There are 2 protein chains.
Amino acid sequence: MAERARTYHHGDLRASLVDEAAAMISESGTASVTMRAIGSRLGVSRGAPYRHFPDKTALLVAVAVAGFKRLNRRLGASDTGTSPSSVEQLRRMGEQYVRFALEHPAHYRLMYGKEALARQDQPELRKAAGALLENLVDVIRVHQQRGEIEGGDPRAQAYVAWSAVHGLASLLIEKQIDPNVDVDELIRQTTQTLLGGLRDRSP
Amino acid sequence: MAERARTYHHGDLRASLVDEAAAMISESGTASVTMRAIGSRLGVSRGAPYRHFPDKTALLVAVAVAGFKRLNRRLGASDTGTSPSSVEQLRRMGEQYVRFALEHPAHYRLMYGKEALARQDQPELRKAAGALLENLVDVIRVHQQRGEIEGGDPRAQAYVAWSAVHGLASLLIEKQIDPNVDVDELIRQTTQTLLGGLRDRSP
DNA sequence: CGGGGCATGTTGACCGCGTCAACATACAGG
DNA sequence: CCTGTATGTTGACGCGGTCAACATGCCCCG
């Protein structure tokens, strides 16, 4: 940081902007991200970001995309082991998903909040979210082949699963759920119910 | 509320504000709601709304509350016929929920978007959303007693069900779901899977 | 029946914000 | 070294939320 102050040029302002915006979002919400504020935090002027992003929306989109990538990485990590009861592993993925949202509520909100991100379709965002879906579809397909999940369009099942965890995450971070309920237990129950509904019981 | 309409001189501005704001939200999103714009639409000045709401957030909260009431009424209506295959009736409730969101995307977004509604807890909003949850809990309790849904805390099950439909609604209106998929079929599949997971199979 | 008080509506002003245009500066490659 | 381009700065504009001061009309009290 002291280094920045010394040079007229920042070095890697673009990356810094994304990081700093994410930090501000975590600290005090997306509304607190202001071109002026973020510039001042990084020791640059309010106009500087415009050399790297066409407008504020584009910057926020970049932050959202970074969020999707982090979430994706986290889910991938929990996916690694050909672990025990593979349904249990799938359950754990859902748990990680919700936990991510709880740990980064404002960031998660931004990722899914079309409102904050202009009306236009943002291809980058779509791609990042799409990657998440693809991973989920792959995992489901594997479990189908193991006969642990009923047949049918794995993509549709992925959407159902995504809906369940996203809905729970969303209700939790918007504080629509009684704070007295045991969150861990609720997460477990949600994933359990979901997997119960998807389980193959043809034989 | 019978004779309220004729009170004071320029009609019932408060109610008009809520209605007009809701209309503007439907037409062009919450961002388009401006004190100046809404005033001009109603033929009053930009300051007039401040005689009825302390600030813009309060007005939007009122709109959101109205949304919850409408949604609640709609779900209640689909609840009436207690005769048909009762699980099918529950499924239909979920369907109505998602359909409401699809028909009023911006309004629905506002109802759940804490971002747009200040950080403060809005007791009115909490109450309206709480009523929705209560209704759901009641319905689930009935189905439990009929042995169609497994035992356990009905409140937790209500949260699970709410998560599923809210998640699907949210993903749909944020356009996170491939437009090529059959929405009706996806709704059906989601509610079906959910109910499958909740179904009592102890005997 | 008339005046006063209060609820309601209006206007001017302020500040913060996103954004653009004009300007300044530094780094790179000849 | 010198200059062009990428990068950063500053001034200005318009919009939007909000407050304070002012205006207006309705109802109630005397």
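Up top is the structure these notes are about.
Residues numbered from 1 in each chain as written. Chains lettered and ligands numbered in written order. Predicted model: local features only at pLDDT ≥ 70, side-chain atom pairs only at ≥ 80, totals over all residues. Heavy atoms only, no water.

Trainee: Residues and numbers for the pattern of salt bridges, please.
Mentor: All names here are of chain A. Counted according to the given criterion, the structure contains 24 salt bridges over all chains. Salt-bridge contacts for arginine 41 lead to glutamate 27; the nearest nitrogen and oxygen are separated by 2.3 Å. With arginine 41 in helix H3 (residues 35–42) and glutamate 27 in helix H2 (residues 13–28), this residue pair connects regions lying 14 residues apart in the sequence. Judged by its relative accessible area of 36%, arginine 41 falls in the partly exposed class. Overall, the relative accessible area of 52% leaves glutamate 27 in the exposed class. (Salt bridge = Lys/Arg side-chain N within 4 Å of Asp/Glu carboxyl O. Helix = DSSP H or I, 4+ residues; strand = E, 2+ residues; numbered from the N terminus. Buried < 20%, exposed > 50% of the residue type's maximum accessible area, 1.4 Å probe, protein only.)

Trainee: Explain the relation of the copies chain B and chain A to me, and be specific about the residues and the numbers.
Mentor: Between chain B and chain A, the superposition needs a rotation of 180° and an axial shift of 0.0 Å, giving an RMSD of 0.1 Å. Here the transformation between the copies is reduced to the relation of a two-fold axis. With an isologous cut-off of 70% or more, the 100% of interface residues of chain B that recur at the interface of chain A puts this contact in the isologous class. (Least-squares fit on C-alpha atoms with pLDDT ≥ 70 in both. Contact = heavy atoms within 4.5 Å.)

Trainee: Tell me about the packing of helix H1 (residues 13–28) of chain B against helix H2 (residues 35–42) of chain B, and name the residues and values.
Mentor: Residues and elements named next belong to chain B. Interaxial distance between H1 and H2 falls to 10 Å at its minimum, and their mutual angle equals 115°. With respect to their mutual orientation, H1 and H2 come out roughly perpendicular. By crossing handedness, the relation of H1 to H2 is classed as right-handed. Here H1 contributes Leu13, Ser16, Leu17, Glu20, Ala21, Ala23, Met24 and Glu27 to the contact with H2, which in turn contributes Ala37, Ile38, Arg41 and Leu42. Its residues assigned to classes, the contact of H1 with H2 shows eight nonpolar, one polar and three charged. (Axes fitted to C-alpha atoms, helices over the stretch in contact; angles between N-to-C directions. Parallel < 35°, antiparallel > 145°, perpendicular 65-115°, else oblique. Left-handed = near helix turned anticlockwise from the far one by under 90°. Nonpolar A, V, L, I, M, F, W, Y, C, P; charged D, E, K, R; others polar.)

Trainee: Let's hear about the interface of chain B and chain A: which residues, and what values?
Mentor: Tallying the contact residues gives 38 residues for chain B and 38 residues for chain A. Taken together, both faces of the contact between chain B and chain A bury some 3200 Å²; the carbon and sulfur share is 59%. For the chain B face of the interface with chain A, the top three residues by lost area are Glu115, Tyr159 and Gln176 of chain B, together amounting to 18%. The tally of links from chain B across to chain A stands at zero salt bridges. Applying the counting criterion to the chain B and chain A interface returns six residue pairs in polar contact (both at pLDDT 80 or more). (Buried area = accessible area lost by both parts, 1.4 Å probe. Polar contact = N/O pair within 3.5 Å; in protein donor to acceptor, adjacent residues only side chain to side chain.)

Trainee: Which residues make up the side chain of threonine 30 of chain A, and what values go with them?
Mentor: Residue position: threonine 30 of chain A is located in the loop between H2 and H3. We classify threonine 30 of chain A as buried; its relative accessible area is 9%. If we ignore the near neighbours within four places in the chain, the residues touching threonine 30 of chain A are Ile25, Leu60, Ala106 and Leu110 of chain A together with Glu115 of chain B.

Trainee: Break down the protein's contact with DNA strand D for me, citing the residues and quoting the values.
Mentor: Ser45, Arg46 and Arg51 of chain A together with Arg36 and Lys56 of chain B are the nearest of the 22 residues found near DNA strand D. Atoms of DNA strand D within 4 Å of the protein: sugar and phosphate make up 48%, bases the balance. Residue tyrosine 50 of chain B places a side-chain N or O atom 2.9 Å away from a phosphate oxygen belonging to DNA strand D. A distance of 3.2 Å is found between a base nitrogen of DNA strand D and a side-chain nitrogen or oxygen belonging to arginine 51 of chain B. (Near = heavy atom within 4 Å.)

Trainee: Please give an account of helix H5 (residues 105–112) of chain B that cites residues and values.
Mentor: For H5 of chain B, the tally of buried residues reaches six of eight residues, placing the bulk of the element in the interior. For H5 of chain B, the full list of buried residues reads Ala106, His107, Tyr108, Leu110, Met111 and Tyr112 of chain B.

Trainee: Could you give an account of the environment of isoleucine 140 of chain A, with specific residues and numbers?
Mentor: Residues and elements named next belong to chain A. Along the chain, isoleucine 140 turns up in helix H7 (residues 123–145). With relative accessibility at 2%, the residue isoleucine 140 sits in the buried group. In this structure the C-alpha to C-alpha distance between isoleucine 140 and leucine 198, which are 58 residues apart in sequence, comes to 10.0 Å. Other than its neighbours up to four places away in sequence, isoleucine 140 contacts Pro154, Gln157 and Ala158.

Trainee: How would you explain the nonpolar core if you had to name every residue and give the values?
Mentor: Inside soluble globular proteins, nonpolar side chains tend to come together where they are buried. With 128 residues, the main nonpolar core has Tyr97 and Trp162 of chain A together with Tyr97, Tyr108 and Trp162 of chain B as its most contacted residues. In contact with tryptophan 162 of chain A, not counting residues within four places along its chain, are Tyr97, Tyr112, Ala129, Leu132, Leu133, Leu136 and Gly167 of chain A together with Leu171 and Gln176 of chain B. (Core = buried A, V, L, I, M, F, W, Y, C linked by side-chain atoms within 4.5 Å.)

Trainee: Got a sec to walk through unusual backbone geometry? Specific residues and values, please.
Mentor: Leaving glycine aside, a negative phi is the common case for residues, and trans is the common case for peptide bonds. A positive phi angle is found at lysine 175 of chain A, which is not glycine, with a value near 55°. Along the polypeptide, lysine 175 of chain A turns up in the loop between helix H8 (154–173) and helix H9 (183–198).

Trainee: Pulling in residues and values, what's your account of a positive patch on the surface?
Mentor: Residue and element names in this part refer to chain A. Residues Lys69, Arg70, Arg73 and Lys127 make up a contiguous surface patch of positive charge. The element contributing the most residues to the positive patch is helix H4 (residues 56–79), with three residues. Relative to the helices and strands, lysine 69 is located in helix H4. (Patch = residues over 30% accessible without salt bridge, like charges linked within 9 Å, V, L, I, M, F, W, Y side chains within 5 Å. Areas by Shrake-Rupley, 256 points an atom, 1.4 Å probe, with all protein chains shown as cover. Lys, Arg positive; Asp, Glu negative; His and termini not counted. Charge placed at Lys NZ, Arg CZ, Asp CG, Glu CD.)

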